Amino acid sequence: MATIKQRKSSFSVIYWYLNDTGERKQKWDTLETRKEAKQRKAFIEYYQEKYGYVLVPLEEQFAHQIENSKKDLEVVDKDITLRDFLKIFVNLYGTSKWSPSTYSSKVSSIENYINPIIGDWKLNDITTKSLSKYYNDLLSVPEVPRSNRKATGRCVQPANIKKIHDIIRCALNQAIRWEYIDTNKRNPASLATLPKVPKVRRKVWSIQTFREAIKATEDDLLSICMHLAFSCSMRIGEITGLTWEDVIIDEESIATNNAKVIINKELSRINAEAMQKLKEKDIIKIFPTQKPHCTTRLVLKTPKTETSNRTVWLPKTVAELLVQYKKDQQELKEFLGSAYNDYNLVIALENGNPVESRIVRDRFQKLCEENNYETVVFHSLRHLSTGYKLKMTNGDVKSVQGDTGHAEAEMVTDVYSEIIDEDRRFNAQKMDREFYSTLNDNTDTHQQSTGLTDSDMALLELLKSLSPEMKEQLLKQTLQK
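Analysis parameters
Residues numbered from 1 in each chain as written. Predicted model: local features only at pLDDT ≥ 70, side-chain atom pairs only at ≥ 80, totals over all residues. Heavy atoms only, no water. Patch = residues over 30% accessible without salt bridge, like charges linked within 9 Å, V, L, I, M, F, W, Y side chains within 5 Å. Areas by Shrake-Rupley, 256 points an atom, 1.4 Å probe, with all protein chains shown as cover. Salt bridge = Lys/Arg side-chain N within 4 Å of Asp/Glu carboxyl O. Lys, Arg positive; Asp, Glu negative; His and termini not counted. Charge placed at Lys NZ, Arg CZ, Asp CG, Glu CD. Helix = DSSP H or I, 4+ residues; strand = E, 2+ residues; numbered from the N terminus. Buried < 20%, exposed > 50% of the residue type's maximum accessible area, 1.4 Å probe, protein only. Pairing = 2+ DSSP bridges. Core = buried A, V, L, I, M, F, W, Y, C linked by side-chain atoms within 4.5 Å. Contact = heavy atoms within 4.5 Å. Arc of directions from axis to C-beta. Axes fitted to C-alpha atoms, helices over the stretch in contact; angles between N-to-C directions. Parallel < 35°, antiparallel > 145°, perpendicular 65-115°, else oblique. Nonpolar A, V, L, I, M, F, W, Y, C, P; charged D, E, K, R; others polar.

Caption draft 1: Here's a closer look at a negative patch on the surface. A contiguous patch of negative charge, built from Asp220, Asp328, Glu331 and Glu334, is present on the exposed surface. The topology assignment puts Asp220 in helix α8 (residues 220-231). A residue is classified by how much of its surface remains accessible, and Asp220, at 52% relative accessible area, is exposed.

Here it is, written out as structure tokens:
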């Protein structure tokens, strides 16, 4: 809550906020009249309720970016270049529609691959043919390495060209709506030809390998992450962003098979400038930075899609593992006292700080190397989970989609088609056993001589297929009756 204090002829609105290092600071905003102070107080409380305990901009600054973009739209320049239009597009459309991570990614694509190559094209001169050529030429353009990463030496990949195309197509759609392009014209990007994106099947462990790996790991943090990825089909950011208030593992819940996790946020590292541009949209919490001049921030944010908000029920074994993990974490908190940074995170470092996804991935890769397992990425455990649940439910796509949080059922059915491919060879074996192995048998004559019905014959075939151990057990049970 903000407070108002009169200072001679002026009024000050006083409120608290957290700075970049997580320190609690006090801010005094001075206004000339009590009415202005009350308006400022109301805006501060609204803003901090929406965006957290952050420094609150002045109302006119808050609206400045959108207003400038609206003014740009009022004066339509028919000779505007793609570069200049994209600036308007990002400021108006991007800031209202994109999340901070999406904003950062798309702006990077614009700055690295669009503006330097075709930014000077006149918007109204862009054609389907010229765009098709541009997309094909991108295959020969070296990739721009991400910040703090080494150059890969590769050229732009077809999958990235598809993302660049999506930006251009969306921007040109808006250009038509805002009448920069004749509204009777078709979007030139809509029919452009893109390089074919090769479909790469993700490497996934077998269930047996996962069973061995989960037993082999001596890293409690990695073990819990692996269990959550497999049992709850969770993404790595959802796992590292999980907080204890959203983990229901009390004794009654476990006893009634109602233990569950509520997935409503994820841990992510995002560009500080993008976060500022979007007024910390979708941000739940900003963690203190470890470096004074860091250009990114580690945050808890809302999930990327509405369907990612979900509840997933826990297997009893995993719930009990979480109970023990929480006890161990509590003992560590008590031992370290004020040295433990308590953010109520389930997955936390020894000092309580959040665990970035790269740390989990690195530990997982180390597990693979030390035990000579096939090297797969951590995300493949979610893929393995999806496939296992589809088999377990005999292809109940909707129930599995509820666990995975996929926006489209197609994402789940793609996995299901891979499972079907794996199992199709068993169909041939089953057909050989149930049809071709008896093709030359005089079944009808045999049935007539024995007086057995079709059902009796089917039961006999089933008994023949039992293992010796099962036959012995069945015989013992029969003799006991």
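Past the structure itself, the notes keep going.
Caption draft 2: How the structure looks around the pairing of strand β8 (residues 296-301). The buried fraction of β8 is high, at five of six residues. When strand β6 (residues 266-271) meets β8, the two strands line up antiparallel, connected through six bridges. The residue bridging Leu267 from the neighbouring strand is Leu300, located in β8. Taken together, the three bridges between strand β7 (residues 283-286) and β8 define a ladder with antiparallel strand orientation. The partner of Ile283 across the bridge, within β8, is Lys301.

Caption draft 3: Focus on the nonpolar core. Counting 43 residues, the largest nonpolar core has Trp205, Met226, Leu314, Leu322 and Phe378 as its most contacted members. With eight residues, the top contributor of residues to this core is α8. Beyond its immediate chain neighbours, meaning those up to four positions away, Trp205 contacts Phe210, Ala213, Met226, Phe364, Cys368, Tyr373, Glu374, Val376, Leu381 and Leu384.

Caption draft 4: Focus on helix α5 (residues 128-137). Considered for burial, the residues of α5 that qualify are Leu131, Ser132, Tyr134 and Tyr135. An end-on view of α5 places all buried positions within 160 degrees of arc, on one side of the element. Within α5, the exposed residues directed more than 90 degrees away from the buried face are Lys129 and Lys133. In this structure, the buried side of α5 is in contact with α4 (100-118) and α6 (158-177).

Caption draft 5: Spatial organisation of the packing of α8 against helix α14 (residues 380-392). Relative orientation of the contacting elements α8 and α14 amounts to 40 degrees, with a least axis distance of 7 Å. Classified by the angle between their axes, α8 and α14 sit oblique to one another. Of α14, the residues touching α8 (which contributes Met226, Ala229, Phe230 and Ser231) are Leu381, Arg382, Leu384, Ser385, Tyr388 and Lys389. Grouping the amino acids of the contact of α8 with α14 by side-chain chemistry returns six nonpolar, two polar and two charged.

It is worth stressing that arrangement in space is one thing and function is another; only the former is reported here.
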